[in-house]
Amino acid sequence: MNALLRGIRASAAGDIERTGPETVVRRYRFAPGFIGFLGHFPENPILPAIVQVCAAVSLAEEEGGKAVRLAAVRSAKFLSPIRPGEEVSIRCRRRVDSGEDIYDATLSVAGKTSAVFQLRLAEEETPR
Amino acid sequence: MPASLLIPHRKPMRLVDTLLSVHEDCGVTETLLPRTSMMADGEGKLHEVAFMEMIAQSYAAFNGYRDLVEGKPAGEGFLVGVRRLEITGRAYAGDRLLTSIRTIASFGGFAVVEGSVTRGDETVASGIIKLWLMEDGR
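Residues numbered from 1 in each chain as written. Chains lettered and ligands numbered in written order. Predicted model: local features only at pLDDT ≥ 70, side-chain atom pairs only at ≥ 80, totals over all residues. Heavy atoms only, no water.

### Section: the packing of helix H1 (residues 3-10) of chain A against helix H2 (residues 49-64) of chain A
Residue and element names in this part refer to chain A. Convention followed: Axis angles are defined between N-to-C directions and span 0 to 180 degrees, where every axis is a line fitted to C-alpha atoms and, for a helix, only to the segment in contact. Labels follow the DSSP assignment, with helices taken as runs of H or I lasting at least four residues and strands as runs of E lasting at least two, numbered in each case from the N terminus. Each angle receives one of four descriptions, namely roughly parallel if under 35 degrees, roughly antiparallel if over 145, roughly perpendicular if within 65 to 115, and oblique otherwise. Here, residues are in contact when the closest pair of their heavy atoms is within 4.5 Å.
Viewed as axis vectors pointing N to C, H1 and H2 meet at an angle of 75°, and their least axial separation amounts to 10 Å. As summarised for this structure, H1 and H2 are arranged roughly perpendicular, according to the angle between their axes. Contacts from Leu4, Leu5, Ile8 and Arg9 of H1 reach H2 at Val51, Cys54, Ala55, Ser58, Glu61 and Glu62.

Structure below.
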C-alpha cells in the first residue's frame, strides 16, 4: 500500500456504514498535516482531485474486501474545494453495467456536494 | 524547463518534473517518480490516479510556460472535470513517463484538454480533463 492510501485510511473519521444493498458511506477528516495537502498548494491547501478519487477507490476496496485497481474515470466533476480539517462524507454505490463494476461516488462537506464521479474498477491481478 | 518554475505544485504532490516541448496547442512533459513517492506501493507500482494528475499538471506547465513567454505571472488552474479517462497500463517508480497534452477548447476561463501518459511505447492512460483557469495570476 502506498503512503497516500495509508494517509487516507488513517483519516477515516468513522466506520463504513451500509445505507443500501450496494451503497456505503464513510466520513473522513483530512488534517492540515495530511500527506495529500503537502505541496498542494503551499499557500492555499486544498484536497487534490486525485486524493478524492483515491479515497473513493479505497472505500470500495475496503468495503469489497479485495484489492482493486482504477480502470477508468468515466466522468468526474469537482465542484468546490475541500479544505484541511473539513469533514468529508464519501458515498459509494456499486452497480454493474455491461458486465463492468461501476462505482458512483459523491463527496459532500456539511451536506453540500463537492464532487461526483463515476469510476470503473477492476480486480487487481497481483497482490499489493 | 523545470516544471517547478511553471506550476504552483510542490513535492510530494508535484508529479511532473520537466516541460520538454511546446508546440502550438500541444505540450509534452516528463515524470520520473522515486520509489519513495507517496504514489508508489511496496513493489514500486504507481497508483492509477497519478496519471490523471500528470495530465492536469502537464497542462498547468504548458499554460505556465505560455504565460511566462508573454511576460505574465503564471496563472493558477483547478481541475474541475474528467471524461473518459481510460487506464490501460501500469507504471512503476523509476519509469520515464511522458505526458502529452493538447488543448481542444478554451472558453470563458475554462480549458478542455486531451491527454495521454506513455511508458516507452505503451500508452498507460488517456482521457479528457477540464480545468478552470484563474486569470489574475498568483
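Picking up after the structure, the text goes on.
### Quick word on the side chain of Arg120 of chain A
Defined as follows: A 3.5 Å cut-off defines polar contacts: any pair of N or O atoms within that distance qualifies, except that in protein one atom must be a possible hydrogen donor and the other a possible acceptor, and neighbouring residues in sequence count only when both atoms are side-chain atoms.
Its location among the elements puts Arg120 of chain A in strand S6 (residues 112-123). Within the structure, Arg120 of chain A has its side chain in polar contact with the side chain of Glu86 of chain B (distance 2.6 Å). Not counting residues within four places of it along the chain, the set of residues in contact with Arg120 of chain A comprises Arg69, Leu70, Ala71, Ala72, Glu100, Asp101 and Ile102 of chain A together with Glu86 of chain B.

### A look at the interface of chain A and chain B
Heads up, the condition is: Buried surface area refers to the total accessible area, computed with a probe of radius 1.4 Å, that the two partners give up upon joining, counted for both partners together. By salt bridge we mean one thing: a side-chain nitrogen of Lys or Arg within 4 Å of a carboxyl oxygen of Asp or Glu.
Opposite the 36 residues of chain A that make contact, chain B presents 31 residues. Between chain A and chain B, roughly 2600 Å² of surface is buried when both sides are summed, and carbon and sulfur atoms account for 61% of that area. Seen at the junction of chain A and chain B, the total is three salt bridges. A salt bridge links Lys45 of chain B to Glu124 of chain A, with the shortest nitrogen-to-oxygen separation between them at 3.3 Å. If you look at where chain A meets chain B, you find 13 residue pairs in polar contact (both at pLDDT 80 or more). Where the side of chain A that touches chain B is concerned, the elements lending two or more residues are H1, H2 and strand S3 (68-78) of chain A.

### Some remarks on the side chain of Glu30 of chain B
Assignment of secondary structure puts Glu30 of chain B in strand S2 (residues 26-31). Residues contacting Glu30 of chain B, with those up to four places away along its chain left out, are Val16, Asp17, Thr18, Leu20, Arg96, Leu97 and Leu98 of chain B.

### Side note on the pattern of salt bridges
Within the structure shown, the criterion is met by 26 salt bridges over all chains. Glu100 of chain A is the salt-bridge partner of Arg120 of chain A, the closest N and O atoms lying 3.7 Å from each other. Pair noted here: Arg120 of chain A is in strand S6 and Glu100 of chain A is in strand S5 (residues 100-109), with a separation of 20 residues, a long-range link. A single network of salt bridges, built from pairs that share partners, joins Arg74, Asp97, Glu100 and Arg120 of chain A together with Glu86 of chain B.

### Topic: the sheet that holds S2 of chain B
In a beta sheet, neighbouring strands pair by backbone hydrogen bonds and run either parallel or antiparallel. Note the cut-off: At least two DSSP bridges between two strands are required for those strands to pair.
The strand order across the open sheet formed by twelve strands is S1(A)-S2(A)-S4(A)-S5(A)-S6(A)-S3(A)-S3(B)-S6(B)-S5(B)-S4(B)-S2(B)-S1(B), and the pairing between neighbours is antiparallel. In this open sheet, the two strands that pair with only one neighbour each are strand S1 (17-20) of chain A together with strand S1 (18-23) of chain B. Going from strand to strand, the sheet's axes swing by 25° on average, the running direction of each strand aside. Here S3 of chain A pairs with S6 of chain A via nine bridges, running antiparallel.

### Quick word on the packing of H2 of chain A against helix H1 (residues 49-69) of chain B
To be explicit about the condition: Put simply, a crossing is left-handed when the front helix is turned counterclockwise from the back one by less than a right angle, and right-handed when it is turned clockwise. Amino acids outside the nonpolar list (Ala, Val, Leu, Ile, Met, Phe, Trp, Tyr, Cys, Pro) and the charged list (Asp, Glu, Lys, Arg) are all regarded as polar, and Gly is one of them.
Put simply, H2 of chain A and H1 of chain B touch, their axes get as near as 9 Å, and they point 165° apart. In terms of axis orientation, H2 of chain A runs roughly antiparallel to H1 of chain B. Classified by chirality, the crossing of H1 of chain B by H2 of chain A is right-handed. Contacts between H2 of chain A and H1 of chain B involve Ala49, Ile50, Val53 and Cys54 of chain A on the former and, on the latter, Val49, Met52 and Glu53 of chain B. Class assignment of the residues belonging to the contact of H2 of chain A with H1 of chain B gives a composition of six nonpolar, no polar and one charged.

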